[in-house]
Amino acid sequence: MSAMASAQANHSPIVVLGGRAPALRWGQGSLQEIDHVPFVRPLTKLAATPESTAEIPALLEDAFAAASAPHGGPAFVDFPLDYVFMEAAEPPQDEDDVPLGAPAEPAADGSAVERAADLLRGAERPVIMAGTDLYWGRGEQELLALAETLRIPVFLNGLARGCVPADNELFFSRARSAGLKGADVALVVGVPMDFRLAFGAAFGEDTEIVVVDSAEPERRHPRPVAAECYGSISRTLAELRAGAGGAALASAGWIEELRAAETERRDAERAEFEDERSPLHPMRLYAELARTLDRAAIVIGDGGDFVSYAGRVIDSYRPGCWLDPGPFGCLGTGPGYALAAKLARPERQVVMMLGDGAFGFSGMEFDTLVRHGVNVVGVMGNNGIWALEKHPMEFLYGYSVAADLRPATRYDEVVAALGGHGELVERPQDVAPAVERAFASNVPALVNVLTDPSVVYPRKSNLA
Ligand SMILES: Cc1ncc(C[n+]2csc(CCOP(=O)(O)OP(=O)(O)O)c2C)c(N)n1
Ligand SMILES: [Mg+2]
């Protein structure tokens, strides 16, 4: 159910198949006789049980269609044991069937797109803030074309990270608050104005908001918006590019201003990247790690503050290269994501950034990785605490409860005992060589890096 809730919040199209006590004996007390459907219904776009063997194929087609229609999400079907062992005729094949996972997407309303294009044409401080549905809508090429043709700075979150390469001159991350606050027109693409965008307050009071998404929003927008374009994201972006004049806006000064802010923030981080302490500052760990990652590395985050740091400083260059728990924020997703990512892209580096707390939720999945020979490298920021819980408690109450783990626990030895490769790292200069050895080990690996529990993450986001 946690996986389904995470998929719901991330708009991940997945179909979950369940077993179920036999229909023939329903109500008589079979083993595990429980109706799953009402439990999972609030988490899914479709949750159903077939009423006969013959119904199974059509119901599964419905489940795949529901899961992949925008906004994507989970669907659930469970199968009564007796129906699975019975037979039914093959249903006739429908010639017009759309292939699974590729529903035809309608175009957005033309007058809304026109209104949006008009706003853009007059913009001098435009920004693009794009998120997860851009990725699912395969809109990255049109986004890049729009940004580069009109000269619009781009900020990305969620699964959209990497849809504009981190070294593109129009990509910004550290300048985000200046960029969103100072924008005259903001294209908000494939991302809801939820807590990650301060419920709309991340933008300036006078910023004109243009919403572009694959489908109507699930929640009301928290502030008035100037235009709403729902339909094929890539088509809308192409139409906006043409409609706004197909040439550079008067944004050169604005881009320069944001680049200066970006550079200033990056320069200010340098001291932390070079921090010499042992146990390590998490930022130093990421600086060291950056030496060993390929451009196409898939980085997965599972943890608290350790992953917040990763989200700030890890650069993505291709779509699908950054996976984190997303807005549902459920710990323990890392090993499952890593297993799937490495199976799908065996030639790529797949690296899991793990908090020691997160390891407690699904660290045993290293056993799964070992048994299936899936060579994922975990890099742990082991600070001996649940920092994201402990530090806020100390700030609010002056003390903390139940947020301490055992200091310097040898999770690397746990992974070695399960048949993987494990290393303990206590000094900054030992990180990169240990990660190199982990990649070379050809088994699932954990580099257990001791990090400083006194480092408090500079948190200011409004979660609630
Ligand atoms: C399943 C689940 N349980 C509890 C939480 C609340 N929670 C958020 S962060 C965190 C601690 C994470 O600790 P760790 O992975 O060590 O990261 P750190 O903050 O220490 O860097 C907890 C318990 C959660 N997000 N998900
Ligand atoms: Mg921790």
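Model, not experiment: these values are computed from the prediction.

Draft legend 1. Molecular detail of the site of ligand 1. Around ligand 1 sit 18 residues in total, of which Asp305, Gly329, Asp356, Gly357 and Ala387 are the nearest. Note that an oxygen atom of ligand 1 is positioned 2.9 Å from one of the backbone N or O atoms of alanine 358. Burial of ligand 1 by the protein chains amounts to 82% of its free accessible area of 590 Å². Broken down by secondary-structure element, the contributors of at least two residues to the shell around ligand 1 are helix H12 (305-313), helix H14 (356-362) and helix H16 (387-397). At four residues, H14 tops the list of elements feeding residues into the shell around ligand 1. Across the shell around ligand 1, the residue classes tally to nine nonpolar, six polar and three charged.

Draft legend 2. Representation of the coordination of the magnesium ion (ligand 2) within the structure. For the magnesium ion (ligand 2), the protein coordination sphere consists of Asp356 (OD), Asn383 (OD1) and Ile385 (O), at 2.1 to 2.2 Å. Each donor residue of the magnesium ion (ligand 2) lies on one chain, and together they are spaced D-x26-N-x1-I. With aspartate 356 in helix H14 and asparagine 383 in the loop between strand S12 (377-382) and H16, this pair connects stretches of sequence that are 27 residues apart. What makes aspartate 356 buried here is its relative accessible area of 2%.

Draft legend 3. Region of the structure containing the pairing of strand S11 (residues 350-355). Counting buried positions along S11 gives six out of six residues, so the element sits mostly inside the fold. Every second residue of S11 is oriented toward a common face, with Val350, Met352 and Leu354 on one face and Val351, Met353 and Gly355 on the other, all of them buried. Where strand S9 (residues 298-302) lies against S11, five bridges are found, and the strand directions are parallel. Looking at S11, one finds that isoleucine 300 is bridged to methionine 352. The pairing of S11 with S12 spans five bridges and is parallel. Bridge pairing in S12 links valine 351 to valine 377.

Draft legend 4. Quick peek at the pairing of strand S6 (residues 185-189). Among the five residues in S6, five count as buried, and that is most of the element. Residues Val185, Leu187 and Val189 point to one face of S6 and Ala186 and Val188 to the other, with burial holding for every one of them. The pairing of S6 with strand S7 (residues 208-213) spans five bridges and is classified as parallel. Each residue of the ladder has a partner; that of valine 189, found in S7, is valine 212.

Draft legend 5. Molecular detail of the packing of helix H10 (residues 252-273) against helix H11 (residues 282-290). At a minimum axis separation of 8 Å, H10 and H11 run at an interaxial angle of 95 degrees. In terms of their interaxial angle, H10 and H11 are classed as roughly perpendicular. The residues of H11 that touch H10, namely those facing Glu269, Glu272 and Phe273, are Met283, Arg284 and Ala287. When the residues that make up the contact of H10 with H11 are grouped by side-chain class, the tally is three nonpolar, no polar and three charged.

Draft legend 6. View of the sheet that holds strand S2 (residues 46-48). Strand order in this open sheet of three strands is S1-S3-S2, and the pairing throughout is parallel. Where the open sheet ends on each side, the last strands, each with one partner, are strand S1 (14-20) and S2. Between one strand axis and the next, the sheet turns by 15 degrees as a mean value, whatever way the strands run. Taken together, the three bridges between S2 and strand S3 (residues 74-80) define a ladder with parallel strand orientation. Note on S3: the bridge partner recorded for leucine 46 is alanine 75. Against the sheet, helix H1 (residues 2-10) touches S1 and S3, its axis set at about 145 degrees to S3. With respect to the sheet, helix H3 (residues 56-68) is in contact with S1, S2 and S3, its orientation differing from that of S3 by roughly 165 degrees.

Conventions adopted
- Residues numbered from 1 in each chain as written.
- Chains lettered and ligands numbered in written order.
- Predicted model: local features only at pLDDT ≥ 70, side-chain atom pairs only at ≥ 80, totals over all residues.
- Heavy atoms only, no water.
- Near = heavy atom within 4 Å.
- Polar contact = N/O pair within 3.5 Å; in protein donor to acceptor, adjacent residues only side chain to side chain.
- Areas by Shrake-Rupley, 256 points an atom, 1.4 Å probe, with all protein chains shown as cover.
- Helix = DSSP H or I, 4+ residues; strand = E, 2+ residues; numbered from the N terminus.
- Nonpolar A, V, L, I, M, F, W, Y, C, P; charged D, E, K, R; others polar.
- Donors = N, O, S within 2.8 Å, 3.2 Å for Na, K, Ca; no water.
- Buried < 20%, exposed > 50% of the residue type's maximum accessible area, 1.4 Å probe, protein only.
- Pairing = 2+ DSSP bridges.
- Axes fitted to C-alpha atoms, helices over the stretch in contact; angles between N-to-C directions.
- Parallel < 35°, antiparallel > 145°, perpendicular 65-115°, else oblique.
- Contact = heavy atoms within 4.5 Å.

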